[in-house]
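Tertiary structure, described
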Amino acid sequence: MNLPVRVPPRARSAASGARRALRRRRTQLVLFLGILGPGLITSNADNDAGGIFTYSAAGARYGFDMIWLLVVITIALLVVQEFIARLGVVSGKGLADLIRERFGVRVTVFAMALLLVANIATVIAEFAGIALAGEAFGVTRYITVPLAAVLVWFVVVRGSYATVEKVFLFFSLVYLTYVVSGLVVQPPWGEIVAHVARPHVEMSTTYLLFAVAMVGTTITPWMQFYLQASVVDKGLRESQLQYARADVFFGSIFTDVVAFFIIVATAVTLFSRGHHDVVDARDAAQALAPVAGQFATALFVAGLAGASLLAASLLPLSTAYAVTEAFGWERGVGRTVREAPAFFVIFTGLIVIGAVAILAPGIPLTAVTLVSQDVNGVILPAILVFMFVLINDRRVMGRFVNGRFANIVGGLTIGAVIVLTLLLLASGLPGFPWTGER
């Protein structure tokens, strides 16, 4: 006769607790996946055509010397993105909206002017990336650029927020190609760690130009406006703040892991062979072939195309959100053209400007991509100051206002960006101390 097995009460309680913990973790994962999007998409779009060129050129010119700066930038990106996500979730308003309410119309117009200057240059750089990627595969820009412009316009204008977000997340997967390219070249990990542990700094104009460009392509003015607007558009609430934070942390780390492997790939294949000048991202991709083979080159160029498409969609969208927020006009991807005419006119206008500029004969594609990142880096401090004041405003944030530790980290981050920008500007003055160009 089989007797029933008696389970001790303590064991039953432990098993029940384990099941509850498992269900709680599953629920948290489902909630996180549902919220995942704004942070990951925004951070990934920063690895655009200009970013790919900047990281490629830094790796080719300085080898592993600038990887230490990428580590510092990653910390700064985590801090800034958390501030912006918290602002959006708690206030329920976009950044431009809050700037107008807190600082007035004149300051808002100034902020929008800065944003437009940076975004126009960057949108042109994105279409330059699309043109370069197509030409690397033998397709003329007069085919790829118009097709890309129509594609990004159609996806945003005809889709709901959920649809647009899914398309952007799909584009984000293309960045894995750079991780593959970086691993294929078998990097010397010990040497990389040594360069991070013992940072190399040059007080030269070129080094500072690259440093500001790296900051400007990783932490951009437009991403602050887009991230906060997308958090608001998605309808995230205070109870979901921890998941919004997890989203921006995951996105920030992922995007800079991609940037790390771009620098590593070009440092191993170009710098080590004395090929220190990268004309553009396509040049960097083709230069990988002797060591990594055509597979790595194809991956690199495919990544350039996908990254440029993602950013060419987000930059005009970010601008449309920011300007319409600033002046209180109707906005949102889920609205129709009739409901939000200004929103879609601005979005369409930037796409047209970017595409037409690249189709004009004789435009210096390389100059556009690098200059756009430096413009972002110079304008960034002003936007960060607005954000820092708002995140410390108890009328906006209530109990979610910054604490002492967050203010110390945020203040150091903003201060470092300002100092770096001032050094770049001062480097053009007579008598600036420099160690020479490499």
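Every chain's residues receive numbers from 1 upward, in the order its sequence appears when written. Per-residue local features are limited, in this predicted model, to residues with pLDDT of at least 70; the limit for side-chain atom pairs, both in listing and counting, is 80 or more; totals at the level of whole chains, interfaces and linings are taken over all residues. Excluding hydrogens and water, the side-chain figures rest on all heavy atoms present in the structure.

Okay, the overall build of the chain next. Within the chain, the regular secondary structure consists of 19 helices and 0 strands. Each residue's exposure class comes from its accessible area (1.4 Å probe, protein chains only) as a fraction of the maximum for that residue type: buried when under 20%, exposed when over 50%, partly exposed otherwise. Here the chain holds 438 residues, and 55% of them are scored as buried. We get accessible surface area from the Shrake-Rupley algorithm with a probe of 1.4 Å; when it comes to residues, only the shown protein chains can shield them. On the chain, roughly 18400 Å² of surface is accessible, and the fraction owed to carbon and sulfur atoms is 68%. For the purposes of this entry, the term helix denotes a DSSP run of H or I that reaches at least four residues, the term strand denotes a run of E that reaches at least two, and both are numbered from the N terminus.

With that out of the way, let us pick up the packing of aromatic side chains. Only Phe, Tyr and Trp rings are paired, with Trp represented by its six-membered ring, and only when their centres lie within 6.5 Å; those with planes under 30 degrees apart are stacked, over 60 edge-to-face, the remainder tilted. Tallied over the full model, the rule gives 11 aromatic pairs. Taking the centre distance of 6.1 Å and the plane angle of 15° together, the rings of tryptophan 189 and phenylalanine 260 count as stacked. With tryptophan 189 in helix 10 (residues 189–197) and phenylalanine 260 in helix 13 (residues 241–269), this residue pair connects regions lying 71 residues apart in the sequence. Judged by relative accessible area, which is 41%, tryptophan 189 ranks as partly exposed. Using a relative accessible area of 17% as the deciding quantity, one classes phenylalanine 260 as buried. Plain terms: the ring middles of phenylalanine 343 and phenylalanine 344 are 5.1 Å apart, the flat faces sit at 85° to each other, and that makes the pair edge-to-face. Assigned by exposure class, phenylalanine 343 and phenylalanine 344 land together as buried. One aromatic cluster in this structure is built from Tyr62, Tyr207 and Phe210. Counting as a charge over the ring demands two things of the Lys NZ or Arg CZ atom: a distance within 6 Å of the ring centre and an angle within 35 degrees of the ring normal. Over the face of the ring belonging to phenylalanine 103 we find arginine 102, whose NZ or CZ atom lies 5.4 Å from the ring centre.

In this analysis, axes come from line fits to C-alpha atoms, helices being fitted only over the stretch in contact, and the angle between any two N-to-C directions falls in the range 0 to 180 degrees. Packing of helix 4 (residues 67–91) against helix 12 (residues 221–234) brings their axes to within 8 Å, and their N-to-C directions diverge by 40°. Of the two elements, helix 4 crosses helix 12, and the hand of that crossing is right-handed. Taken together, the residues of helix 12 that come into contact with helix 4 (itself represented by Leu77, Val80, Gln81, Ile84, Ala85, Leu87, Gly88, Val89 and Ser91) are Met223, Gln224, Leu227, Gln228, Val231 and Val232. Charged residues are taken to be Asp, Glu, Lys and Arg, nonpolar residues to be Ala, Val, Leu, Ile, Met, Phe, Trp, Tyr, Cys and Pro, and polar residues to be all remaining types, Gly included. When grouped by side-chain class, the residues that make up the contact of helix 4 with helix 12 number 10 nonpolar, 5 polar and no charged. What makes a crossing left-handed is the near helix being turned counterclockwise from the far one by less than a right angle; a clockwise turn instead makes it right-handed. By the convention used here, residues are in contact when the closest approach between their heavy atoms is within 4.5 Å.

Any carboxyl oxygen of Asp or Glu that lies within 4 Å of a side-chain nitrogen of Lys or Arg is treated as forming a salt bridge with it. Overall, the coordinates contain 6 salt bridges when judged by the stated rule. Taking the shortest distance from any N to any O, the salt bridge between arginine 86 and glutamate 82 comes out at 2.9 Å. Highlighted residues: arginine 86 and glutamate 82, both in helix 4, separated by 4 residues, approximately one helical turn. The pair arginine 86 / glutamate 82 is uniform in exposure class, with both members buried. One salt bridge in this structure joins aspartate 393 and arginine 395, with 3.2 Å as the shortest N-O distance.

Note that patches include only residues with greater than 30% relative accessible area and no salt bridge, and the join distances are 9 Å for like charges and 5 Å for nonpolar side chains (Val, Leu, Ile, Met, Phe, Trp, Tyr). Taken together, Val105, Val109, Phe327 and Trp329 make up a surface patch of nonpolar side chains, about 360 Å² in accessible area. Topologically, valine 105 is positioned in helix 6 (residues 105–136).

Moving on to helix 12. With 14 residues, helix 12 extends 21 Å between its outermost C-alpha atoms, agreeing within 8% with the 20 Å of an ideal straight helix rising 1.5 Å per residue. Most of helix 12 is tucked away: 11 of the 14 residues are buried. Every buried residue of helix 12 is listed here: Pro221, Trp222, Met223, Gln224, Phe225, Tyr226, Leu227, Gln228, Ala229, Ser230 and Val231. Directly after helix 12, the chain includes glycine 235, whose backbone phi takes a positive value near 80°. By definition here, a helix of n residues has an expected span of 1.5 Å times n minus one.

Our focus in this paragraph is the side chain of threonine 144. Here threonine 144 is to be found in helix 7 (residues 141–158). Those residues in contact with threonine 144, other than ones at most four positions away along the chain, are Ile130, Ala131, Gly134 and Val139.

Grouped together as the largest cluster of nonpolar side chains are 121 residues, with contacts concentrated most on Met66, Leu87, Met112, Phe127, Met214 and Phe225. At 16 residues, helix 15 (residues 289–326) tops the list of elements feeding residues into this core. Every residue in contact with methionine 214, bar those within four places of it in the chain, is listed here: Thr54, Tyr55, Ala58, Met66, Leu69, Leu70, Ile73 and Ile263. For our purposes a nonpolar core is just a set of buried Ala, Val, Leu, Ile, Met, Phe, Trp, Tyr and Cys residues, chained together by side-chain atoms within 4.5 Å.

Turning our eyes to something else, we now look at the confidence of the model for the chain. Segments scoring low in pLDDT should not have their predicted coordinates read at a detailed level. Taken over all residues, the pLDDT of the chain has a mean of 76, while the share at 70 or more is 72%. Within the chain, helix 1 (residues 9–35) has the poorest average pLDDT of any element, 47, and helix 10 the best, 90. This model gives residues 21–36 a pLDDT under 50, and the stretch forms 17 contacts once residues within four places in sequence are excluded. Confidence per residue, as judged by the predictor, is encoded in pLDDT with a range of 0 to 100. Across residues 434–438, confidence stays below pLDDT 50; counting only partners more than four residues off in sequence or on other chains, it has 16 contacts.

Now for the packing of helix 4 against helix 10. Direction vectors running N to C along helix 4 and helix 10 enclose 65°, while the axes themselves pass 7 Å from each other. By the angle between their directions, the pair helix 4 and helix 10 is classed as roughly perpendicular. Pair helix 4 / helix 10 crosses with right-handed handedness. For the pair helix 4 and helix 10, the contacting residues are Ile67, Trp68 and Val71 in the first and Ile192, His195 and Val196 in the second. Oblique is the label for every angle not falling under 35 degrees (roughly parallel), over 145 degrees (roughly antiparallel), or within 65 to 115 degrees (roughly perpendicular).

The next subject is the environment of alanine 355. Looking at the secondary structure, you find alanine 355 in helix 16 (residues 341–359). Sequence spacing of alanine 355 and valine 145 is 210 residues, and the spatial spacing of their C-alpha atoms is 6.1 Å. If sequence neighbours within four positions are ignored, alanine 355 has contacts with Phe127, Val145 and Ala149.

Next up on the list: the environment of valine 79. Position of valine 79 among the secondary structure elements: in helix 4. Judged by its relative accessible area of 14%, valine 79 falls in the buried class. Sequence separation between valine 79 and threonine 413 is 334 residues, and the spatial gap between their C-alpha atoms is 8.0 Å. Once you skip the residues sitting within four places of it in the chain, valine 79 turns out to touch Val409, Gly410 and Thr413.

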